[in-house]
Amino acid sequence: MSFLNNTKIAVIGGGSWATALIKILCEQQHIQIRWWLRNGNDIEHIRKFHHNPSYLSDVYLSPKKVKVFEKTKEAVKGADFVILAVPAAFVQESLQDLNESHLRGKRVVSAIKGMIPEENILVTDWISEKYKVPLNDIAVIAGPCHAEEVALEKQSYLTISSTDAGCAEDFSKLMTCRFVTAHPLADLYGVEYAAVMKNIIALACGITHGLGNGDNFQAVMVSNAMQEIRHFVTALDPRERQLSTSAYLGDLLVTAYSQFSRNRLFGNMIGRGYSVKAAQLEMKMIAEGYYATKSIFELNKKLHVELPITTAVYRILYQEESPSLVIEELKKVLK
Ligand SMILES: NC(=O)C1=CN([C@@H]2O[C@H](COP(=O)(O)OP(=O)(O)OC[C@H]3O[C@@H](n4cnc5c(N)ncnc54)[C@H](OP(=O)(O)O)[C@@H]3O)[C@@H](O)[C@H]2O)C=CC1
Ligand SMILES: O=C(CO)COP(=O)(O)O
């Protein structure tokens, strides 16, 4: 019997990405999904009607495959894989009831494209430090893939990155289905940092668009952003990597251009004159790039990499500088 049969997967998070990942996993014939989400009303609704009322509410969640739990401890019990799919800012709070023993012997896969805000560290580093999960049992899910398109079964590609080839390959098989192709890759940090940074760039694209700039300038931003990502990631983890592939460039492109991108939308509101608070209140969903901007900016105080786009976004979001003045200055340094 293949390992795909009867694999138990815990999914932590109740938002759009968790719901989309569960839809993908439900394509496997024999799978048991143990789902934790925080909202009691949503739990009740899913048990009764097999749809998440708050996110991707059209997606059917097979009760034969999906069991919903109120407590994370219960959800991770007996799981082979634990997928983390809450925004990074809430991951500590979401896992507060777990200790090392709850994750022992399990593979942990982060679907989060953000960093732990208070500590400015990657989610995978935090998991390995706090819960003593060996790095080889950790992977990340990356690639250009919006939850909304998964719900519509539009063909998508994912990249599963891990320091352990077996872990990446096994999880890629679980994520491959009729409408998703998943490939393994051995660049845990590169993929994870690039996924964090592309959210900042998409936010910057939204700001410039909101200010009235067009596609010509956005193309310049995106191409400069690739240099920014390359320099930053290389400073942290130097090695050969194909940044033009879908895990890196592809994800930057979809987030910078897609109608579904929350980071772009958030930036757009800032460019149109919303305050950060007003934009957050208006958006029900989370723009990771807001938190990531601070983390990358703080982390870079030790690295001193030139990050003109990230710095511009930081000045706008955290130093309340005028978006139009900051973007005019940015225009002078981009090539
Ligand atoms: N959506 C997408 O297409 C993709 C998302 N990702 C990544 O997946 C991760 C999860 O994002 P996503 O599912 O999209 O998020 P959503 O914006 O869809 O949902 C937000 C989630 O955060 C929860 N939440 C909000 N406030 C709090 C809080 N104070 N404490 C605990 N939980 C809270 C919400 O719970 P509640 O509903 O109860 O308020 C909800 O489950 C992010 O890192 C994102 O970058 C990666 C690839 C694609
Ligand atoms: O990572 C994503 C697509 O690959 C989702 O981006 P947004 O959070 O900006 O919607």
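Just so you know, these numbers come straight off a predicted model, no measurement behind them.

Draft legend 1. How the structure looks around the sheet that holds strand β2 (residues 31-36). Read from one edge to the other, the open sheet built from eight strands follows the order β3-β2-β1-β4-β5-β8-β9-β10, with strand pairing classed as mixed. One side of each edge strand has no neighbouring strand; the edge strands of this open sheet are β3 (66-69) and β10 (180-185). Looking at each pair of strands side by side, their axes are set apart by 25 degrees on average, direction ignored. Note that strand β5 (residues 107-110) and strand β8 (residues 138-142) share three bridges and pair parallel. Bridging from a neighbouring strand, V108 pairs with I138 of β8. With respect to the sheet, helix α8 (residues 165-175) is in contact with β1 (7-12), β2, β4 (81-84), β5, β8, β9 (156-162) and β10, its orientation differing from that of β10 by roughly 180 degrees.

Draft legend 2. Broad picture of the UniProt feature "domain: Glycerol-3-phosphate dehydrogenase NAD-dependent C-terminal" (unreviewed entry) in the chain. When the UniProt feature table is mapped onto this chain numbering, "domain: Glycerol-3-phosphate dehydrogenase NAD-dependent C-terminal" (unreviewed entry) sits at residues 187-327. Helix and strand shares over residues 187-327 are 75% and 0% respectively, and the end C-alpha atoms of the span are 33 Å apart.

Draft legend 3. Fine view of the environment of K198. The topology assignment puts K198 in helix α9 (residues 188-210). Distance from K198 to D251, taken between C-alpha atoms, is 7.1 Å for residues 53 residues apart in sequence. Dropping the residues within four chain positions of it, K198 is found in contact with K113, I229, D251, L252 and T255. At a separation of 3.0 Å, a polar atom in the side chain of K198 contacts the side chain of T255.

Draft legend 4. Spotlight on the site of ligand 1. In the vicinity of ligand 1 lie 22 residues, with S16, R38, Y55, A147 and E288 positioned nearest. Here an oxygen atom of ligand 1 sits 2.9 Å away from a polar atom, N or O, in the main chain of W17. Between E288 and ligand 1, the recorded distance is 2.6 Å, taken from a side-chain N or O atom to an oxygen atom. For the shell around ligand 1, the class distribution of residues is 12 nonpolar, five polar and five charged.

Draft legend 5. Geometry of the pattern of salt bridges. This model, assessed by the stated rule, comprises 16 salt bridges. Measuring nitrogen to oxygen at the nearest pair gives 2.7 Å for the salt bridge that ties E153 to K23. Of this pair, E153 sits in the loop between α7 (147-151) and β9 while K23 sits in helix α1 (residues 16-25), and the two are 130 residues apart along the sequence. A relative accessible area of 32% means that E153 is categorised as partly exposed. With its nearest N and O atoms 3.9 Å apart, the salt bridge here joins R239 to D187. Taken together, the positions of R239 in the loop between α10 (215-236) and α11 (246-257) and D187 in the loop between β10 and α9 put the pair 52 residues apart, joining distant regions of the chain. In this structure D187 comes out as buried when scored by relative accessible area, which is 3%.

Draft legend 6. How the structure looks around the side chain of H146. Along the chain, the position of H146 falls in the loop between β8 and α7. Engagement of the side chain of H146 in a polar contact is seen with the side chain of S258, the distance being 3.5 Å. Other than its neighbours up to four places away in sequence, H146 contacts V254, T255, S258, F260 and S261.

Draft legend 7. Quick peek at the environment of Q227. Following the sequence through the fold, Q227 ends up in helix α10. A C-alpha to C-alpha distance of 9.7 Å links Q227 and L243, two positions 16 residues apart in sequence.

Draft legend 8. Quick peek at the packing of aromatic side chains. Under the criterion given, the structure shown has eight aromatic pairs. Taking 3.7 Å as the distance between ring centres and 5 degrees as the angle between the ring planes, the aromatic pair formed by F297 and Y314 counts as stacked. Here Y314 lies in helix α15 (residues 308-318) and F297 lies in helix α14 (residues 288-303), a separation of 17 residues in the sequence. Taken together, F266, Y290, Y291, F297, Y314 and Y318 form an aromatic cluster joined through their ring pairs.

Draft legend 9. Here's a closer look at the nonpolar core. Ranked by internal contacts, the top residues of the largest apolar core, which has 51 residues, are F266, I296 and L317. Take this core: its biggest share by element is 12 residues, from α9. I43, V109, C167 and V180 belong to the second largest nonpolar core, which has 42 residues in total.

How each quantity is defined
- Residues numbered from 1 in each chain as written.
- Chains lettered and ligands numbered in written order.
- Predicted model: local features only at pLDDT ≥ 70, side-chain atom pairs only at ≥ 80, totals over all residues.
- Heavy atoms only, no water.
- Pairing = 2+ DSSP bridges.
- Helix = DSSP H or I, 4+ residues; strand = E, 2+ residues; numbered from the N terminus.
- Axes fitted to C-alpha atoms, helices over the stretch in contact; angles between N-to-C directions.
- Contact = heavy atoms within 4.5 Å.
- UniProt positions renumbered as here; feature names shortened; annotations may be inferred.
- Polar contact = N/O pair within 3.5 Å; in protein donor to acceptor, adjacent residues only side chain to side chain.
- Near = heavy atom within 4 Å.
- Nonpolar A, V, L, I, M, F, W, Y, C, P; charged D, E, K, R; others polar.
- Salt bridge = Lys/Arg side-chain N within 4 Å of Asp/Glu carboxyl O.
- Buried < 20%, exposed > 50% of the residue type's maximum accessible area, 1.4 Å probe, protein only.
- Phe/Tyr/Trp six-rings, centres within 6.5 Å; stacked < 30°, edge-to-face > 60°.
- Core = buried A, V, L, I, M, F, W, Y, C linked by side-chain atoms within 4.5 Å.

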